[in-house]
Amino acid sequence: MRRPELLSPAGDMEKLKFAIHYGADAVYLAGVEFGMRSASANFTDEALADAIVYAHARGVRVYVTVNTMPRTAELPRMQAYLTFLEKAGADAVILSDLGVLSLVQRYAPGLEVHISTQASIVNAQSARMWHSLGAKRIVLARELTLDEIAEIRAKTPDTLELEAFVHGSMCVSYSGRCLLSNYMTGRDANHGNCAQPCRWSYHLMEEKRPGEYYPVEEDARGTYIFNSKDMCMIRHIPELVRAGIDSFKIEGRVKTAYYAAIVTNAYRQAIDLYSSDPESFSLPDDIALEVDKVSHREYYTGFYFGGGAQGQYYPDSAYIRDWDVCAVVDSCDGEGNACLTQKNRFFLGERLELVEPGRAPCVFTVGEMKNELGETIDSAPHPHMKVMLRLPHAADPMAILRKDKRQDMQR
């Protein structure tokens, strides 16, 4: 059995550090051009080089997305960028365009090539063809079932790695190939500028009755006919491994560092538990429920079990946000006396959870707090203020304090 790689999103340097600290084997990110998530902060050339050094020092691989559909005028800049990535030490580039593949082979032959989900690979013949052209890995289309993936695995060389998304937002368009944003807003989704019109509310208007709007469903607000639930496969690690997936990919470069940390930590623990004893594996609820404590839409299992149509969610496109990050540990002594950076306000007497890599969350009640001047305070309301607080035990930097926001409703 091959132990699957855990691949986490890194939309900026903070997210990269949290993903790595909480257990990622590899991270994927983008420069300021050519990546499919322009809404992320992303990385300048200098920051990207620093990120690669930081990740490699911790044994983590770095994959850089160059998976937009470039126009001819962009190609000279692409050539220079690929040369830079090879010199900076990137482990692989993720691409979907044949022309870009040829540029990699000419200007950066030392880079591994991973074929993006944008290429919509859904059969073994396509996978083998990409492999024959030099691809080390393919990122499978999200529309595949586990049985179809297993068949692709059986009919492709062992030297070709299979990567698949296991968690995060889903796109209503086939493997992200969408023109809706271009048509409605002029923002090119295939250049990373998607306005997400699939999350908007729509009404139906009959041709001969202009101005008369009808809800597509019974809700008077209209219907979110393109909206999808989020994928979550944390309770199905054995099935993913048995299908032959080499890399488990978490979606979310636009999401927060907290999201990167918590989701990575949950899947890290799940994978490690399974790898240690596949025969008797049973995922504890405290690990599985961690993914409920980040901002997310209602979950489902995508197309893996053939139920893709069940993913459409019509009432709204809102996120479930029941938990807030309160603070991040900057330093802590052996007695648990910690210096924290505040992220969201919290109060004396509130119940918080202390979250660390590889451990179950520790629940405690906030006791005496002090500000940076050593003054006793009963709340931490100011963004990024320093707070001195006694934790239930010693904690490493980058440990997270969070709370169930529903406490606020009871105040």
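Look up: the structure comes first, before these words.
Residues numbered from 1 in each chain as written. Predicted model: local features only at pLDDT ≥ 70, side-chain atom pairs only at ≥ 80, totals over all residues. Heavy atoms only, no water.

Caption draft 1: Structural context of the packing of aromatic side chains. The final tally for this structure, using the stated rule, is three aromatic pairs. Aromatic pair Phe-18 and Tyr-22: ring centres 6.3 Å apart, planes at 15°, arrangement stacked. Ring geometry for Tyr-274 against Phe-281: centres 5.4 Å apart, planes inclined by 85°, an arrangement best described as edge-to-face. We note that Tyr-274, like Phe-281, is buried. Here the basic side chain of Arg-58 rests over the ring of Tyr-54, its NZ or CZ set 3.6 Å away from the ring centre. The positively charged end of Arg-142 is found above the aromatic ring belonging to Phe-165, 3.9 Å away from the centroid. (Phe/Tyr/Trp six-rings, centres within 6.5 Å; stacked < 30°, edge-to-face > 60°. Buried < 20%, exposed > 50% of the residue type's maximum accessible area, 1.4 Å probe, protein only. Lys NZ or Arg CZ within 6 Å of the ring centre and 35° of its normal.)

Caption draft 2: Region of the structure containing the side chain of Arg-153. Considering the arrangement of structural elements, one finds Arg-153 in helix α6 (residues 146–154). Classification of Arg-153 as buried rests on a relative accessible area of 11%. Only 3.2 Å separates the side chain of Arg-153 from the side chain of Thr-156, close enough to count as a polar contact. With residues near it in sequence (within four places) discarded, Arg-153 still touches Arg-2, Asp-158, Leu-160, Glu-161, Leu-162, Ala-243, Gly-244 and Asp-246. (Helix = DSSP H or I, 4+ residues; strand = E, 2+ residues; numbered from the N terminus. Polar contact = N/O pair within 3.5 Å; in protein donor to acceptor, adjacent residues only side chain to side chain. Contact = heavy atoms within 4.5 Å.)

Caption draft 3: Quick peek at the environment of Ile-320. Along the chain, the position of Ile-320 falls in the loop between β12 (299–300) and β13 (323–332). Classification of Ile-320 by relative accessible area gives partly exposed; the value is 33%. A C-alpha to C-alpha distance of 8.0 Å links Ile-320 and Val-294, two positions 26 residues apart in sequence. Not counting the four nearest positions on each side in its chain, Ile-320 is found in contact with Val-294, Ser-295, His-296, Arg-297 and Glu-298.

Caption draft 4: Spotlight on the sheet that holds strand β19 (residues 376–377). In spatial order, the strands read β17-β16-β22-β13-β14-β21-β18-β19; together these eight strands make up an open sheet with antiparallel pairing. Each edge of the sheet is formed by a strand with only one pairing partner; in this case those strands are β17 (362–365) and β19. Note: strand β16 (residues 351–355) against strand β22 (residues 400–404), three bridges, orientation antiparallel. For Val-355, the partnering residue across the bridge sits in β22 and is Ile-400. (Pairing = 2+ DSSP bridges.)

Caption draft 5: Layout of the pairing of strand β7 (residues 161–168). β7 sits mainly inside the fold: eight of its eight residues count as buried. Of the strand pairs in this sheet, strand β6 (residues 137–139) and β7 are connected by three bridges, and their pairing is parallel. For Val-139, the partnering residue across the bridge sits in β7 and is Glu-163. Between the parallel elements β6 and β7, the chain passes through α6 in a crossover that is right-handed. (Right-handed = clockwise from strand over helix to strand, strands pointing away.)

Caption draft 6: The nonpolar core, seen in detail. If you look at the biggest cluster of nonpolar residues, it comprises 99 residues, and the most contacted ones within it are Val-27, Leu-29, Val-66, Leu-85, Ile-234, Tyr-267 and Tyr-304. It is helix α9 (residues 257–276) that provides the largest number of residues to this core, a total of 12 residues. Judged by nonpolar contacts, the second largest core, of 20 residues, contains Ala-327, Phe-346, Ile-377 and Ala-399. (Core = buried A, V, L, I, M, F, W, Y, C linked by side-chain atoms within 4.5 Å.)

Caption draft 7: Fine view of the pattern of salt bridges. Counting across every chain of the model gives 26 salt bridges. In this structure, Arg-406 engages Asp-404 in a salt bridge whose closest nitrogen and oxygen atoms are separated by 2.8 Å. Given a relative accessible area of 37%, Arg-406 falls into the partly exposed group. Overall, Asp-404 belongs to the buried group, its relative accessible area being 18%. (Salt bridge = Lys/Arg side-chain N within 4 Å of Asp/Glu carboxyl O.)

Caption draft 8: Inspection of the side chain of Gln-342 at higher detail. Along the chain, Gln-342 turns up in strand β14 (residues 337–342). Not counting the four nearest positions on each side in its chain, Gln-342 is found in contact with Cys-326, Ala-327, Ala-380, Pro-381, His-382, Pro-383, His-384 and Met-385.

Caption draft 9: View of a nonpolar patch on the surface. A contiguous nonpolar patch, built from Leu-98, Met-129 and Leu-133 and spanning about 270 Å² of accessible area, is present on the exposed surface. With respect to the helices, strands and loops of the structure, Leu-133 is situated in the loop between α5 (124–132) and β6. Exposure remark for Leu-133: the relative accessible area of 32% places this residue in the partly exposed category. (Patch = residues over 30% accessible without salt bridge, like charges linked within 9 Å, V, L, I, M, F, W, Y side chains within 5 Å. Areas by Shrake-Rupley, 256 points an atom, 1.4 Å probe, with all protein chains shown as cover.)

Caption draft 10: Just the pairing of strand β4 (residues 92–95), in detail. Of the two faces of β4, both are covered, the one formed by Ala-92 and Ile-94 as well as the one formed by Val-93 and Leu-95. Inspection of the sheet shows strand β3 (residues 61–65) paired to β4 by three bridges, in the parallel sense. Paired with Val-64 across the strands is Val-93, a residue of β4. Remark: the β3/helix α3 (residues 75–88)/β4 crossover connection has right-handed handedness. In this sheet, strand β5 (residues 112–115) lies alongside β4 in parallel orientation, the contact comprising four bridges. Paired with Val-93 across the strands is Val-113, a residue of β5. Each parallel crossover has a hand, and for β4 linked through helix α4 (residues 98–107) to β5 it is right-handed.

Caption draft 11: Quick look at unusual backbone geometry. Of note in this structure, Ser-120 is not a glycine but carries a positive phi near 55°. With respect to the element layout, Ser-120 can be found in the loop between β5 and α5. The backbone of His-384 shows a phi angle near 65°, a positive value even though the residue is not glycine. Along the chain, the position of His-384 falls in the loop between β20 (379–380) and β21 (386–390).

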